[in-house]
Amino acid sequence: MRQTTFDPISLEIHWRRLVSMVDEASAAFVRTSFSTLVREANDFAVLLTDPQGRSIAQSSASIPSFIGTLPATVKHLTAKFPVHTLQPGDVMITNDPWMGAGHIHDVSTVTPIFHRRKLVAFAGVVSHMPDIGGRIRNAGNREIFEEGLQIPRLMLMRAGEPDAALIGMIERNVRVPDQTLGDIFAQVAAGRMLEERLRPLLDDVDLDALSAEIRRRSEAGMRKAIRAVPDGVYHGHSEHDGFEEPIHIRCAVTVKGDRLSIDYTGSSAQVPRAVNVVPIYAFAYSAYAVKAVLCHEIPNNEGSFVPITTSAPLGSIFNPRYPAASGGRSMVGQLSVPAIMMALSKVLPERVIAEGASNSSITLTGMDRGRRFAAVNFMNAGQGAAQHRDGYTMLSFPSNLSNTPIEIFEQSAPVRVVDRSIRRGSGGAGRYRGGDGLHFEIEAVGDSPMMASMIMTRYRSAPLGLFGGEPGKPGGLFLNGKAIDPAEHWMLKTGDRVVMQTAGGGGFGRRRTKRRRK
Amino acid sequence: MRIAVDIGGTFTDGIAVVSPGDRIWVGKTLTTPHAPGEAVTTVTADLLRQVAAARATRPEVDEVVHGTTLVTNTLIERKGARTGLIVTKGARDVLAMGREWRYDMYDLNLEIPRALVPDERIIEVEERLDARGGVVQRLEAAAIRRMLDKLAALQVEAVAVCLLHAYVNDAHERQIEAAIRKRFPQLAISVSSGVAREIREYERMSTSVCNAYVQPLTADYLGNLGERVRELAPRAKLRIMLSSGGFTSGQAAAENPVLLLESGPAGGVLSALNAARNNGIHEVLAFDMGGTTAKACVAVGGEPLIAHSFECSRVSRFKRGSGLPVLIPSIDLIEIGAGGGSIAHINDLGLLNVGPESSGAVPGPACYGLGGTDATVTDADLALGYLNAENFLGGTMALRTDLADAALGRLAKKLKMSVPSVAWGIVGIVNGNMTAAARVHIAEKGHDPRNFTMVATGGAGPLHAVDVARNLRIPRVLAPIAAGAGSCLGLLAAPARVDRSWSSPALVSETDWPAVARSVATLREDAEAELASAGARQTGLKWFIGAEMRYAGQGHNVSVTLPATKITAAFAPQLVREFERRYKQLYGSLVPGAHPQVMTWRLTGRSDIVNRRFQWGDQRAGGASSARGRRSIYLPLEKKFRAVPVHDRYSLKRGTRIAGPLILEERESTLVVAVDARVNVLDDHSVLIEIREFE
């Protein structure tokens, strides 16, 4: 007989089982992935949903950008391919930014799971592809058409048979077809693994009843945490470097009883550059900020996030119209985190941190000694201070991206890292100092010129301090000593030197007159 | 005669084995943290007395094999040497920056592990190699002089050297090493290309620094130990157990002490495998559970899997990434739980949780009566009847059932449940957690648990093994003898072993095979010398070539191991076949059109593994009547308490066959069989439990 009611003990046991299955599938996926972003930055998620697309368990290692995105993808896909038409061996696919995870580089696949010939769940996987065609990812791209191949809602496989036409299309439109297709089929394998692992559990318990109980408990936990925050409307803001002019992020956080809503009205309008943030992505980082500040122990599933809503008017940078480009959506979207922290600092000063900077990167492509290469190097920055401690020097936040080892970078592209050191003194002063950013200097040493595309964060807009703490130093980008624009693609000749500096974090509290010894 | 001594946190255990016959004597004394050698002397002297009394002569000791947690503890407590670090110009902050990711994504205030060498003790030196090992900037004599002057001012006791791309060309590191040895002959020195010749500067640097940091202390300790051993047994050679599951000479261990990090736990696994081999069991999940930790390890074909990176000195025990990385070969053990001391509590969502907090030895579980008030796994075991309050540690420590019930009662009240259901809840959850972690571990290695036998060791291992095995659908559990001193038996069953590695990333199709062959030959010569110093005979040696492989473009490796053979281009298809076999086993299918690549090569040499059929030296086995009566225990499948037979384990004769549910008691542990099962006492006094449900 299958279990349909759960006490605080059996629920804990079955829930852990579910999470460990999802984590196992996600570990196998990460190890086989060709995408640097999947491996070094956990830029992927594996999810189990019920037949309605409500999430039951999500991989623990995934970065915050996927909170709530895959359940929405499942719902969009089943709207096109109704549940009763699906059969074992089917796999659905899309990379529509509005239905997926916010830019076309993230491809999602969803596999129906059957038990005793009944569809009982979906396994969903989304991940950043090694390549999706188009121009190299850069904030300067102006429309989605430049960014690469768009995959609408389609069937990747029917009853176990891959769609040859679709695969042929993908193959022709990306730079490294074996790697992109390798990752898409690794997603399918992860979905299958999840189905296999789930089977014994399905014999023991009623998954619908279990998932309802998980959602109920998680939702109650989040509501309890919100109720502890005083009711009110709290305002916060942040700023992105922008292009011709800065992009403003403004949020109003409304706490009312056990509900919390965040409205981005007043933020800049969408821009013809690749930094627009679709609503689902705005929600993901907003929900992350709320969870990190209020209750970081609460599990990752749909129930936890029911009491949280986000909104922005159509045409806003947080709710752009098609065909807005969004390849660099994280640059603006992640700024919702410090904006929300600033808003909540008025009532929860001991829980928040001052602004820091998210990651920057440089992508190099070209030919060297007769062979094509493509290499990406990630750089983190200084983070903001808190009420009782200095900010972290050189740590990834709010995403979670490892740096690229010098030795690996030099193996994969004809460059020499001249200097990779802490940019001492770049953190903002204050009662507690912001963390320091990075000084990164490379020299091109290949036998022919190569193309460089940089993503820079906080090179104009300094990360702000809180409660009188001073801002951190903004970053900088230089080619042979001259400041250059990261929205352009640059050609590097042998001997050219690029310096990338990342920002320091903001300080917390007014600096005391006597210098505090570290 | 050979002697094994293992220094643990609380006890120092020793076993003497006399051949032929592999008869064993066991000794135990409290660990002496201020001077660990003292406990070694005490135990060794005690063992010599026992053997002499039994045989009326004083037998000669040939070898003392030693396992220790000294290196681990030095790193955890940060009590190592004042250490300096020499790096390539431009790379001075590699250690401070680490890999820059957060081991907990949602904790805004996580603690970052502090580097072992602070900024002011890092010296940059002007030199540079490229990724192929070519010299971009020469290391000039003047640069070496400046470096030495700075080093002189630092007043360090140890120094690590880690230069960029030294995994492919070690010339500059060796030049610096020679210069330092000449000017500061007393300084401990650790060179990255010697300690961990692998790509990725942070991990290699961290390994070299950890090694330097523990070198002076370990050298003193091993020197002192050598003297003590010579006093008691003048002809005995000192051998040291490594994390890899082999032993080496005292001298080699003193040079690379970082290889000793997991020396104790490795012994536990080897002991489990020895018992498995004796009974013809080839697919094993070694399960070891003690008071503060539970570990699991997969071993197929009698040999444990080896992992090549490890993390020590974590600031958050169960969080990967919160420690210092070290690139050393170690038996691939995973920590699956916090052991019998794990504390039960109610979380934010109103659910019962167990661990990761542990009550430790003091105050310990509530039932110890030492002031602990939190309900732990041990308290639950007692309330369920699995532990005997009067016979804990052979009756030397009485357990307080009333205190256990009171602690459980507090949780029961909050959860509005009965005490027995909360007690079973705690055991069910902790077993469930260990099951989940072990299941993932087995699956990650590409195996099916239904073919496995679990081998249970540690004080709490036999208590929980059968239920965890049942959850994993593992049909058989083997409980070897002397669970309490298990790692010593492992030390005695271990082979001599040497591992060497070097990173040389290249596609298989473009590999320079003569260069690989040359590297193998050089390293083999060096490895042979070390094996000889560890007493291994040339003729009985086994050699293996390993490769860390992937499809070009991926970031994770699949480990491939083949018996050593002549390396020519003809080796390529063999290597690719083995890679594809492993890849399929792990991930289901290959990647069409992708190119196999080798990142790191490995060479392993070890002496032959000999099965040891250990028997009690004293006549404790096979005594009088075994039945000790009956006790009421909780049977999870029936969801109720029932009286079951209790036996004295070592009174059961070989070949005994009885049926579970039942309890077997021994001095240091209790074997709980709470389901229908066949229980067989085997020839070596191991007990095999076959769960009926899976027949």
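First things first, this report covers the structure right here in the doc. Note that the coordinates shown come from a computational prediction; the quantities given were computed from them, not determined experimentally.

## Here's the deal with the overall build of chain A
Okay, so step 1: Counting secondary structure elements, chain A contains 12 helices and 20 strands.
Okay, so step 2: Taken over C-alpha atoms, the radius of gyration comes to 23 Å for chain A, in line with the 24 Å a tight globule of 518 residues would show.
Okay, so step 3: If one aligns the C-alpha atoms of chain A with their principal axes, the spans along those axes are about 70 × 60 × 40 Å.
Okay, so step 4: Looking at chain A as a whole, 65% of its 518 residues are labelled buried.
Okay, so step 5: Within chain A, residue pairs in contact and separated by at least 24 positions form 72% of the contacts whose partners lie at least 6 positions apart.
Okay, so step 6: For chain A, the separation between the mean place of its 60 positive charges and that of its 51 negative charges on side chains is 6 Å.

## Focus: the interface of chain A and chain B
Okay, so step 1: Between chain A and chain B, the contact holds 78 residues from the first and 69 residues from the second.
Okay, so step 2: Across the interface of chain A and chain B, roughly 6,100 Å² is buried in total on both sides, 54% from carbon and sulfur atoms.
Okay, so step 3: Sorting the residues of chain A by area buried against chain B places A:Ile9, A:Arg31 and A:Glu407 first, and these three jointly supply 13% of that buried surface.
Okay, so step 4: In this assembly, chain A and chain B are joined by 7 salt bridges.
Okay, so step 5: Salt-bridge contacts for B:Asp93 lead to A:Arg424; the nearest nitrogen and oxygen are separated by 2.7 Å.
Okay, so step 6: Taken together, the connections running from chain A to chain B amount to 36 residue pairs in polar contact (both at pLDDT 80 or more).
Okay, so step 7: Considering every element that reaches the side of chain A that touches chain B, the biggest residue donor is helix H1 (residues 10-32) of chain A, with 13 residues.
Okay, so step 8: Looking at the side of chain A that touches chain B residue by residue, the class counts come to 35 nonpolar, 19 polar and 24 charged.

## A short note on the packing of aromatic side chains
Okay, so step 1: Scanning the entire structure with this criterion turns up 19 aromatic pairs over all chains.
Okay, so step 2: Taken together through their ring pairs, the aromatic side chains of A:Tyr281, A:Tyr285, A:Tyr288, A:Phe397 and B:Tyr106 make up a single cluster.
Okay, so step 3: The residue whose ring lies beneath A:Lys291 is B:Tyr106, and the NZ or CZ to ring-centre distance is 4.2 Å.

## Digging into the side chain of A:Ser62
Residues and elements named next belong to chain A.
Okay, so step 1: You can see Ser62 is positioned in the loop between strand S2 (55-58) and helix H3 (69-80).
Okay, so step 2: Here the side chain of Ser62 touches Phe44 through a polar contact of 2.9 Å, landing on its backbone oxygen.
Okay, so step 3: In this structure the side chain of Ser62 is engaged in a polar contact, spanning 2.5 Å, whose partner is the side chain of Ser59.

## A few points about the sheet that holds strand S12 (residues 360-368) of chain A
Residues and elements named next belong to chain A.
Okay, so step 1: A sheet is described by the order of its strands in space; here 4 strands give the open sequence S13-S12-S16-S19, paired in antiparallel fashion. Of all the strands in the sheet, the pair left with one neighbour each is strand S13 (371-379) and strand S19 (489-492). The sheet shows a mean angle of 20° between the axes of neighbouring strands, taken without regard to direction.
Okay, so step 2: Where S12 meets S13, 9 bridges bridge the pair, whose relative direction is antiparallel.

## Some points on the sheet that holds strand S7 (residues 161-162) of chain A
All names here are of chain A.
Okay, so step 1: The strand order across the open sheet built from 7 strands is S2-S1-S5-S4-S3-S6-S7, with neighbouring strands paired in antiparallel fashion. Across the chains shown, the open sheet's two edge strands, defined by having one partner strand only, are S2 and S7.
Okay, so step 2: Running over the sheet, H1 touches strand S1 (44-49), S2 and strand S5 (118-128) and is turned about 145° from S1.
Okay, so step 3: Packed onto the sheet, helix H6 (residues 177-204) meets S1, strand S3 (91-94), strand S4 (106-115), S5, strand S6 (154-158) and S7 and runs at close to 30° relative to S4.

## Notes on the pattern of salt bridges
Okay, so step 1: According to the stated counting rule, one finds 62 salt bridges over all chains in the structure shown.
Okay, so step 2: Measuring nitrogen to oxygen at the nearest pair gives 3.1 Å for the salt bridge that ties A:Glu302 to A:Lys75. Here A:Glu302, found in helix H9 (residues 302-305), pairs with A:Lys75, found in helix H3; they are 227 residues apart in sequence, far enough to count as distant.
Okay, so step 3: Of the charged contacts in the structure, one is a salt bridge between B:Arg631 and B:Glu665, with a shortest N-O distance of 2.7 Å. Of this pair, B:Arg631 sits in strand S30 (residues 627-635) while B:Glu665 sits in strand S32 (residues 657-665); the two residues are 34 residues apart in sequence, bridging distant segments of the chain. Across the pair, B:Glu665 and B:Arg631 agree in class, each one buried.
Okay, so step 4: One network of salt bridges, in which partners are shared, links B:Asp170, B:Arg174, B:Glu177, B:Arg181 and B:Arg197.

## Points about the side chain of B:Glu173
Residue and element names in this part refer to chain B.
Okay, so step 1: Relative to the elements of secondary structure, Glu173 occurs in helix H5 (residues 171-183).
Okay, so step 2: Lacking a salt bridge, the buried Glu173 has Arg204 as its closest oppositely charged neighbour, with an N-O distance of 5.0 Å.
Okay, so step 3: Not counting residues within four places of it along the chain, the set of residues in contact with Glu173 comprises Val161, Cys162, Leu163, Ala166, Val191, Ser192 and Ser193.

## Considerations on helix H15 (residues 513-533) of chain B
Residue and element names in this part refer to chain B.
Okay, so step 1: Its 21 residues give H15 an end-to-end C-alpha distance of 30 Å, which sits within 8% of 30 Å, the value for a rise of 1.5 Å per residue.
Okay, so step 2: Within the sequence span of H15, burial applies to Trp513, Val516, Val520, Leu523, Ala527, Glu530 and Leu531. Looking down the long axis of H15, one finds its buried residues gathered within 100° of arc, a one-sided arrangement. Of the residues in H15, the exposed ones pointing more than 90 degrees away from the buried face are Pro514, Arg518, Thr522 and Glu525.
Okay, so step 3: Summarising the contacts, the buried residues of H15 are in contact with strand S12 (247-249), helix H8 (250-255), strand S25 (497-507), strand S26 (541-551), helix H16 (571-587) and strand S28 (596-607).
Okay, so step 4: One or two residues past the end of H15 sits Gly535, with phi positive at roughly 85°.

Rules behind the numbers
Residues numbered from 1 in each chain as written. Chains lettered and ligands numbered in written order. Predicted model: local features only at pLDDT ≥ 70, side-chain atom pairs only at ≥ 80, totals over all residues. Heavy atoms only, no water. Helix = DSSP H or I, 4+ residues; strand = E, 2+ residues; numbered from the N terminus. Rg over C-alpha atoms; globule rule 2.2 N^0.38 Å. Buried < 20%, exposed > 50% of the residue type's maximum accessible area, 1.4 Å probe, protein only. Contact = heavy atoms within 4.5 Å. Lys, Arg positive; Asp, Glu negative; His and termini not counted. Charge placed at Lys NZ, Arg CZ, Asp CG, Glu CD. Buried area = accessible area lost by both parts, 1.4 Å probe. Salt bridge = Lys/Arg side-chain N within 4 Å of Asp/Glu carboxyl O. Polar contact = N/O pair within 3.5 Å; in protein donor to acceptor, adjacent residues only side chain to side chain. Nonpolar A, V, L, I, M, F, W, Y, C, P; charged D, E, K, R; others polar. Phe/Tyr/Trp six-rings, centres within 6.5 Å; stacked < 30°, edge-to-face > 60°. Lys NZ or Arg CZ within 6 Å of the ring centre and 35° of its normal. Pairing = 2+ DSSP bridges. Axes fitted to C-alpha atoms, helices over the stretch in contact; angles between N-to-C directions. Expected span 1.5 Å × (residues − 1). Arc of directions from axis to C-beta.

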